[in-house]
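# Remarks on the overall topology
Take a look at the letters that make up each chain.
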Amino acid sequence: MDSLQTYLFISAILFSLGLYGVITRRNGIAVLMGIELILNSANINFIAFARFGGMNLSGQVFALFVIIMAAAEAAVALAIIINIFNNLQTVNIDEAQQLKL
Amino acid sequence: MEDLAFGLIVAITLGSAFMVVQGKQLLYSAIALLFTLFGVAGLYIFMWADFMAGVQIVIYIGGILVLLIFGIMLTNKITSVNISHTSLQRGAGVLVALSVLSFLVVMIGRTPWLEKTALEPAQTADGIGMLLMMEYLLPFEVASLLLLGALIGAAMLSRSVD
């Protein structure tokens, strides 16, 4: 368990699960959950390289920035999804095709 | 004992991640995401990143997940019982995800990684604080600007038009 590869494999599985969610889900919020999984897998990679690749704390600082970006992204994306729901009465992202009502 | 805990955390992380993308009810997916984020925080602790594990729990579970649950509540009418969501293109999704996964696994297995075992830090919080205030000061300030922009943008997007 104490090797770089173990963590990279875990994060690869998490990444493909998130990708599967983004591709198959139709609810905007569920797509957002898939994106969160992908961002978490990237964070696991950052911290794994911080631990095993000799990056020390710099890798953890980068993971911190990724978390900050994820928070900002979630807030804006949810505002957009709620706006779509208010205008179209649905959160199905396939039906939100027009830029203007 | 340590191996057992590690296996348990990995199983919780990946199992609940599968439930996130596969669950029928959206709210169940959100609850499964909670366990995934906890599992990832556990993995951080295994990699000596205790401060990052705390940040993960506070920001992801305390912030982003609550925001997502708010979003689920706000975009469903109480009267409509069905908070589920359809999934389309299952076959294509499985195909793409499996091919990406196999590519990544082969790539990770074949690459000769440069492994340098870091020294176990006594505490990570003060080191991260020093890095943020000295080496990564500019990204830190840009991140604060980004958060301010996201705050204003989200408030402007979601307010009702008078």
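The rules behind the values
Residues numbered from 1 in each chain as written. Chains lettered and ligands numbered in written order. Predicted model: local features only at pLDDT ≥ 70, side-chain atom pairs only at ≥ 80, totals over all residues. Helix = DSSP H or I, 4+ residues; strand = E, 2+ residues; numbered from the N terminus. Rg over C-alpha atoms; globule rule 2.2 N^0.38 Å. Buried ≥ 20, exposed ≤ 12 C-beta atoms within 10 Å, placed from the backbone. Contact = placed C-beta atoms within 7 Å. Axes fitted to C-alpha atoms, helices over the stretch in contact; angles between N-to-C directions. Parallel < 35°, antiparallel > 145°, perpendicular 65-115°, else oblique. Nonpolar A, V, L, I, M, F, W, Y, C, P; charged D, E, K, R; others polar. Expected span 1.5 Å × (residues − 1). Domains from an automatic or database assignment.

The next subject is the overall build of chain A. Helix and strand counts for chain A stand at 3 helices and 0 strands. The C-alpha radius of gyration of chain A comes to 17 Å, more than 25% above the 13 Å expected for a compact globule of 101 residues. Within chain A, the proportion of its 101 residues that are buried is 60%. Taking the intrachain contacts of chain A between residues at least 6 apart in sequence as the baseline, contacts between residues at least 24 apart amount to 45%.

With that out of the way, let us pick up the overall build of chain B. Summing up its helical and strand segments, chain B has 6 helices and 0 strands in all. Shown N-terminal to C-terminal, the secondary structure of chain B runs as helices and strands in the order α-α-α-α-α-α. Across the 162 residues in chain B, those meeting the buried criterion constitute 24%. Restricting the contact set of chain B to residue pairs at least 6 apart, pairs at least 24 apart contribute 53%.

Take the packing of helix H2 (residues 28-52) of chain A against helix H2 (residues 26-46) of chain B next. Two numbers describe how H2 of chain A lies on H2 of chain B: the axes approach to 11 Å, and their chain directions differ by 5°. Comparing the axis directions of H2 of chain A and H2 of chain B gives the class roughly parallel. Contact with H2 of chain A, carried on its side by Ile29, Ala30, Met33, Glu36, Leu37, Asn40, Ile44 and Ile47 of chain A, involves Leu26, Ser29, Leu33, Thr36, Leu37, Val40, Leu43 and Tyr44 of chain B of H2 of chain B and no other residues of that element. Per-class residue counts for the contact of H2 of chain A with H2 of chain B are 12 nonpolar, 3 polar and 1 charged.

For helix H1 (residues 4-24) of chain A, spanning 21 residues, the distance from its first C-alpha to its last is 30 Å, which sits close to the expected 30 Å at 1.5 Å a residue. Most of H1 of chain A sits inside the fold, with 18 of its 21 residues counted as buried.

With that out of the way, let us pick up the interface of chain A and chain B. Quoted interface sizes are often the accessible area lost when the parts come together. Taken together, the contacts link 60 residues of chain A with 69 residues of chain B. Elements with a contribution of two residues or more to the side of chain A that touches chain B: H1, H2 and helix H3 (57-88) of chain A. Per-element tally for the side of chain A that touches chain B: the top contributor is H3 of chain A, with 22 residues. Here the side of chain A that touches chain B is built from residues that sort into 43 nonpolar, 13 polar and 4 charged.

This next bit is on unusual backbone geometry. Not every positive phi belongs to a glycine, and Trp48 of chain B is a case in point at roughly 65°. Note that Trp48 of chain B resides in the loop between H2 and helix H3 (50-74).

A few words on the environment of Val94 of chain B. All names here are of chain B. Residue position: Val94 is located in helix H4 (residues 90-110). Take Val94: there are 14 C-beta atoms within 10 Å of it, and that puts it in the partly exposed class. Remark: the alpha-carbon pair of Val94 and Ala154, spanning 60 residues in sequence, is separated by 33 Å.

This next bit is on the domain arrangement of chain B. By the assigned domains, chain B splits into domain 1 (1-80) and domain 2 (121-162). Taken together, the 4 residues of domain 1 of chain B in the interface contact 4 residues of domain 2 of chain B.

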